[in-house]
Amino acid sequence: MKKIKTIKGSSLIIKYTVISISLTAISVLLCSTAASYLCLKFDIDISILKYASVLICAVTSAVTGCTCVRGFKNNGFALGSISTIPLIIYCFINLIFHSSGGVLFLIKITICIVIGGLCGAYSLRKTKRIKVK
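Note that this is a predicted model, so its numbers are computed, not measured. (Residues numbered from 1 in each chain as written. Predicted model: local features only at pLDDT ≥ 70, side-chain atom pairs only at ≥ 80, totals over all residues. Heavy atoms only, no water.)

*Asks:* Can you tell me about the environment of Leu79, naming the residues and giving the values?
*Replies:* On the secondary structure map, Leu79 appears in helix α3 (residues 76-82). Remark: the alpha-carbon pair of Leu79 and Ala121, spanning 42 residues in sequence, is separated by 8.4 Å. Setting aside its immediate chain neighbours within four residues, Leu79 contacts Tyr16, Val69, Phe72 and Asn74. (Helix = DSSP H or I, 4+ residues; strand = E, 2+ residues; numbered from the N terminus. Contact = heavy atoms within 4.5 Å.)

In structure tokens form, the structure reads like this:
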């Protein structure tokens with residue numbers, strides 16, 4: 001009986017984790033910078049940024065969910081939802097240090113999981129499947 005090689009599988013999981021963490025960090029940084037710039041440019045009150053963070057979480061989970069799932073063939077919703085775990089940890093740390101409210105935190109988590117999962121499922125569905133006759 002042949003041995004099953006799991007080297008490719010473990011490297012795929014490591015690559016998935018690294019991409020998820022790095023994309024989350026880059027996306028949050030860019031979206032937060034854009035939101036801060038818009039608040040400064042249009043002289044909007046800083047208290048609005050608390051609610052803009054929901055939009056930042058939605059955009060970040062969409063980018064992360066779509067990009068991280070590309071190496072896999074199935075389970076797009078589950079993998080897209082799992083790829084938002086670094087963002088959920090970031091939101092939890094943000095809740096601890098800046099008391100933004102528990103309800104807003106639950107809204108962010110729900111949006112992250114749903115949008116990340118839907119974008120992951122859409123990303124897998126978008127790949128072209130070639131039928132060989």
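Now, onward.
*Asks:* Run through a nonpolar patch on the surface, naming residues and quoting values.
*Replies:* A cluster of nonpolar side chains, contributed by Ile82, Ile85, Ile89, Phe92, Ile93, Ile96 and Phe97, occupies part of the molecular surface with about 710 Å² of accessible area. Considering each element in turn, the nonpolar patch owes the most residues, six residues, to helix α4 (residues 85-97). With respect to the helices and strands, Ile96 occurs in helix α4. Residue class for Ile96 comes out exposed when judged on its relative accessible area of 53%. (Patch = residues over 30% accessible without salt bridge, like charges linked within 9 Å, V, L, I, M, F, W, Y side chains within 5 Å. Areas by Shrake-Rupley, 256 points an atom, 1.4 Å probe, with all protein chains shown as cover. Salt bridge = Lys/Arg side-chain N within 4 Å of Asp/Glu carboxyl O. Buried < 20%, exposed > 50% of the residue type's maximum accessible area, 1.4 Å probe, protein only.)

*Asks:* Summarise the packing of aromatic side chains; cite the residues concerned and give the values.
*Replies:* Here the structure, examined in full by the defined rule, presents two aromatic pairs. Relative to Phe72, the ring of Tyr16 has its centre 5.5 Å away and its plane inclined at 90°; by these criteria the two rings are edge-to-face. Highlighted residues: Tyr16 in helix α1 (residues 7-41) and Phe72 in the loop between α2 (49-68) and α3, separated in sequence by 56 residues. Each ring, one from Phe92 and one from Phe105, has its centre 6.0 Å from the other, and the planes form 55°; the classification is tilted. Of this pair, Phe92 sits in helix α4 while Phe105 is found in helix α5 (residues 102-126), placing the two residues 13 residues apart along the sequence. Owing to a relative accessible area of 12%, Phe105 belongs among the buried residues under this scheme. (Phe/Tyr/Trp six-rings, centres within 6.5 Å; stacked < 30°, edge-to-face > 60°.)

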